[in-house]
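Geometric and topological summary
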2 protein chains.
Amino acid sequence: MYDGIVQDLIDEFGRLPGIGPKSAQRIAFHILQTPSFDVSRLAQLLSELRERVRFCEICGNVSEQTQCSICRDPRRDRTFICVVEDAKDVSAIERTREFRGLYHVLGGSISPMAGIGPDDLRITQLMQRLADGTVVEVILATNPNLEGEATATYLSRLLRTLEISVTRLASGLPVGGDLEYADEVTLGRAFEGRRAV
Amino acid sequence: MYDGIVQDLIDEFGRLPGIGPKSAQRIAFHILQTPSFDVSRLAQLLSELRERVRFCEICGNVSEQTQCSICRDPRRDRTFICVVEDAKDVSAIERTREFRGLYHVLGGSISPMAGIGPDDLRITQLMQRLADGTVVEVILATNPNLEGEATATYLSRLLRTLEISVTRLASGLPVGGDLEYADEVTLGRAFEGRRAV
């Protein structure tokens, strides 16, 4: 235990995800003892974050404007929409540089355990975006876990009524991984989704 | 990559020790998406930290006053001084509740590799504290690594001229550890320091 503000700061850092008491202590002392660390900048960013960040009115991605940089970009292909659970997933997919369409952030996944149903997700907004017939393919990129699969299944049934092709990201062995260490479900999926070479 | 401030905040968090890009992203989104997290408090603590924290004029521990809470506490035994490298070590020893004396924070350890010599540590201040004859024992609690041992050896030679007993924390097997997994040096020390039962 430390006097006053040092302990207060350690406690606050300890509330953040993935930071235990030891890391929090290390961070607080780093800030205290490293003159080159720009603590006022970090403090300012934190205090402005929630004011400045809004969510894109079209796709729900994080943005500092009413529409995010992807939705505003005229070079993006407006005939594809990739549906993801979270804004972090948009960033992960963007890093692959494989996809040049638009996104739709659901804001979570269907999870009866956590009390999250379809009405808690941005599904109505998705249906509105699909209404004008511009989109030809919806790629369901929810997580390959129980909740993500349930959400994908729900959406695929909902979209069946529209003249749009609905696809799901492939499940299989992670690239660079070892077959020996793959779990049975993943290995099963890899067999199921095998392709001619 | 995100728009503006979200990415800026991720970058700033990523500069802190033990926080990689993924953790930084997770933290930024946690702050953004958790209304109950008091971001203004964290921002305020960060901006006040360096102004409010000083170092105790006696022992060098962190404090918000000219003297730290330990040095000010009249119940502490002023005949024992425990010498540590860093203020974090004071906190670690306090948690054991084994020691009721005072501390002296050196501010590092002798390390020719890092260009840190005895003059860069608070050794003169230690000698001044020992001058009035109150202290009967100095416990050298520098880290049990190369630099810490070198510092302890240097100090023990320096203190030899005074009428003060100088001790070093015991090295040996960590409690709860497995003998099988102990390294040779630690096991050797455990033999060397064996005690009659």
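Scroll up to find the structure this text is about.
Residues numbered from 1 in each chain as written. Chains lettered and ligands numbered in written order. Predicted model: local features only at pLDDT ≥ 70, side-chain atom pairs only at ≥ 80, totals over all residues. Heavy atoms only, no water.

**Quick notes on helix H3 (residues 39–52) of chain B**
Applied cut-off: Each helix is a run of H or I in the DSSP string that is no shorter than four residues. Each strand is a run of E no shorter than two, and both are numbered from the N terminus. Helix span, as expected, comes to 1.5 Å for every residue beyond the first. Given a residue, its bend is the angle between the two axes fitted to the seven residues that end at it and to the seven that start from it. The buried label goes to any residue with under 20% of its type's maximum accessible area, the exposed label to any with over 50%, and the partly exposed label to all in between, with areas taken from a 1.4 Å probe on protein chains only. What makes two residues a contact is simply this: any of their non-hydrogen atoms within 4.5 Å.
A rise of 1.5 Å per residue sets the reference length of H3(B), with its 14 residues, at 20 Å; its end C-alpha atoms lie 19 Å apart and thus fit the reference within 8%. At Leu46(B), H3(B) shows its maximal bend, which comes to roughly 25 degrees. When we look at burial in H3(B), the residues that qualify are Val39(B), Leu42(B), Ala43(B), Leu45(B), Leu46(B) and Leu49(B). Tucked inside the fold, the buried residues of H3(B) contact helix H1 (4–14), helix H2 (21–33) and helix H3 (39–52) of chain A together with helix H2 (21–33) of chain B.

**Notes on the sheet that holds strand S4 (residues 102–105) of chain A**
Residues and elements named next belong to chain A. Keep this limit in mind: Strand pairing requires that DSSP identify at least two bridges connecting the strands. Axis definition: a line fitted to C-alpha atoms, limited for helices to the stretch in contact. Angles are taken between N-to-C directions and run from 0 to 180 degrees.
Strand order in this open sheet of 4 strands is S4-S3-S5-S6, and the pairing throughout is parallel. Every other strand in the sheet has two partners, leaving S4 and strand S6 (165–168) as the edge strands with one partner each. Within this sheet the neighbouring strands show an average axis-to-axis angle of 25 degrees, counted without direction. Relative to S4, strand S3 (residues 80–84) runs parallel, the two being bridged by 4 bridges. The residue of S4 that forms the bridge with cysteine 82 is tyrosine 103. Helix-sheet contacts for helix H6 (residues 123–130) involve S3, S4 and strand S5 (137–140), and the interaxial angle to S4 is about 150 degrees. Across the sheet, helix H7 (residues 146–159) lies against S3, S5 and S6, angled at about 170 degrees from S6, the strand it touches most.

**Re the pattern of salt bridges**
Heads up, the rule is: By convention in these notes, a salt bridge is any Lys or Arg side-chain nitrogen within 4 Å of a carboxyl oxygen on Asp or Glu.
Counted under the stated rule, the structure contains 19 salt bridges over all chains. Between Arg41(A) and Glu12(B) there is a salt bridge, and its shortest N-O distance comes to 3.1 Å. Of this pair, Arg41(A) sits in helix H3 while Glu12(B) sits in helix H1 (residues 4–14), on two different chains. Residue class for Glu12(B) comes out buried when judged on its relative accessible area of 3%. Across the salt bridge formed by Arg75(A) and Asp73(A), the nearest N and O atoms sit 3.1 Å from each other. According to the relative accessible area criterion, Arg75(A) is exposed, its value standing at 66%. Several salt bridges converge on common partners, so that one network encompasses Asp8(A), Glu12(A), Arg15(A) and Arg41(B).

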